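Structural overview for review
The lines below spell out each chain.
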Protein chains: 2
Amino acid sequence: MRVVGIDPGLTATGYGVVEQTGNRMTPLTWGVIRSNEETLAGRLGEIHLKLRDLITEQKPDLVAVEEIFLAKNPRSALLLGHARGVALLAAGLYGYPVREYPANSVKQAVAGRGGASKKQVEYMVFRLLGLSEQKMLPDASDALAVAICCIMKQGLQPANRGSVRKTNEALLKVLAMQVKK
Amino acid sequence: MRVVGIDPGLTATGYGVVEQTGNRMTPLTWGVIRSNEETLAGRLGEIHLKLRDLITEQKPDLVAVEEIFLAKNPRSALLLGHARGVALLAAGLYGYPVREYPANSVKQAVAGRGGASKKQVEYMVFRLLGLSEQKMLPDASDALAVAICCIMKQGLQPANRGSVRKTNEALLKVLAMQVKK
């Protein structure tokens with residue numbers, strides 16, 4: 001099974017591709033997309049196109065994105081939502097199924113504790129993937145953590161697609177209850 | 001000059017196309033995109049593709065989107081950001097220039113007062129475009145209002161592209177100052 005993990009952000013979008021064979025997880029590629037575009041639309045275009053190229057090249061079984069609830073204020077949440085929207089689109093438009101996981105599920109899966117620190121999670125990403133602890137930006141290791149979480153969840157519950165769908169439905173229900181804007 | 005106005009939202013995305021000839025503004029088409037997709041990625045895909053088809057068919061000089069600061073909480077802002085991101089992308093990816101206007105600029109342009117009520121704005125949209133007051137959903141008239149605002153701003157300040165760019169830069173600066181997530 002091959003999974004593309006994405007950690008979306010307007011200034012930096014992390015990505016990481018993990019392949020699972022038997023009990024082994026191998027990182028295929030990882031990195032951070034940074035845009036030089038001045039306009040918001042241009043920046044979103046760059047993020048979207050680079051993710052599209054990555055996904056269509058890697059042909060993953062699943063694309064995993066962190067579900068975000070922690071934005072500190074509406075303004076930063078709105079901006080983060082833009083980046084997340086074009087990231088989800090890069091998978092959805094080309095028919096690749098998307099899975100979303102809350103941050104504490106990612107931490108639980110990777111470091112065994114939903115409240116694990118960023119450092120602990122990073123340490124475990126390196127350990128689980130057999131990487132040396134050099135040369136990786138935090139956004140890239142966050143993306144690999146999401147990919148690892150996705151692989152573990154699929155392994156544990158091969159028929160858990162229903163629960164992922166439920167998550168999306170719950171999101172949309174919350175939205176439907178709120179007055180727009 | 002032809003402008004596509006967009007009022008993005010996950011449950012309903014309004015659009016309206018306005019053509020200006022001399023002093024006259026004519027509405028060419030308007031409507032609301034609603035998605036039946038269950039997943040967030042699927043819903044974003046539908047919004048993006050329908051807007052892409054509209055924009056590439058209408059070949060506007062500009063695409064105008066409301067700048068949003070009013071989201072009530074981070075969660076609804078995040079969800080709204082997703083829709084807004086794929087809307088901006090539908091213009092940016094195909095090379096159509098995007099303009100963003102704060103809600104009070106739109107109200108000021110259409111109804112002469114930044115604090116105008118929704119009803120006042122709707123009334124003025126119908127008046128300015130010579131429409132009868134029937135059969136229009138609020139999201140569609142909001143989108144037409146953004147298009148009207150864009151046409152008026154372009155008319156008043158033919159060389160105001162710099163100020164629009166400034167708006168985007170200001171957004172990105174705010175973002176850069178915030179710790180991601």
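A short tour of the structure in this document, coming up. The shown structure was predicted, so the numbers you read here are calculated from the model rather than taken from an experiment.

**What about the overall build of chain A?**
Counting its secondary structure elements, chain A contains 6 helices and 5 strands. Helices and strands appear in chain A in the N-to-C order β-β-β-α-β-α-β-α-α-α-α. When the 181 residues of chain A are sorted by exposure, 51% land in the buried category. Residue pairs in contact within chain A that sit at least 24 positions apart in sequence constitute 64% of those at least 6 positions apart.

**Brief notes about the sheet that holds strand E1 (residues 2-7) of chain B**
Residues and elements named next belong to chain B. Strand order in the open sheet made by the 5 strands is E3-E2-E1-E4-E5, with mixed pairing throughout. A strand with exactly one partner marks an edge of an open sheet, and here the two such strands are strand E3 (24-33) and strand E5 (98-102). Across the sheet, the mean angle from the axis of one strand to that of its neighbour is 25°, orientation sign disregarded. Where strand E2 (residues 13-21) lies against E3, 9 bridges are found, and the strand directions are antiparallel. Residue pairing for E3: Thr 13 is matched across the bridge by Ile 33.

**Some details on the sheet that holds strand E2 (residues 13-21) of chain A**
All names here are of chain A. With mixed pairing, 5 strands are arranged side by side in an open sheet as E3-E2-E1-E4-E5. Pairing within the sheet leaves two strands with one partner each, and these edge strands are strand E3 (24-33) and strand E5 (98-102). Between one strand axis and the next, the sheet turns through 25° on average, direction left out of account. Sheet analysis places strand E4 (residues 62-67) next to E5, joined by 5 bridges and oriented parallel. Residue pairing in the sheet places Glu 66 in a bridge with Tyr 101 of E5.

**Considering unusual backbone geometry**
In this model, A:Lys59 sits at a positive phi of 45°, which is unusual for a non-glycine residue. Checked against the element boundaries, A:Lys59 lands in the loop between helix H1 (40-58) and E4.

**Observations concerning the pattern of salt bridges**
Residues and elements named next belong to chain A. Counted under the stated rule, the structure contains 10 salt bridges over all chains. Here Arg 2 ties to Glu 19 by a salt bridge, and the two come within 2.8 Å at their closest N and O atoms. Of this pair, Arg 2 sits in strand E1 (residues 2-7) while Glu 19 sits in strand E2, and the two are 17 residues apart along the sequence. By relative accessible area, Arg 2 is classed as partly exposed at 23%. Given a relative accessible area of 23%, Glu 19 falls into the partly exposed group.

Criteria and thresholds
Residues numbered from 1 in each chain as written. Chains lettered and ligands numbered in written order. Predicted model: local features only at pLDDT ≥ 70, side-chain atom pairs only at ≥ 80, totals over all residues. Heavy atoms only, no water. Helix = DSSP H or I, 4+ residues; strand = E, 2+ residues; numbered from the N terminus. Buried < 20%, exposed > 50% of the residue type's maximum accessible area, 1.4 Å probe, protein only. Contact = heavy atoms within 4.5 Å. Pairing = 2+ DSSP bridges. Axes fitted to C-alpha atoms, helices over the stretch in contact; angles between N-to-C directions. Salt bridge = Lys/Arg side-chain N within 4 Å of Asp/Glu carboxyl O.

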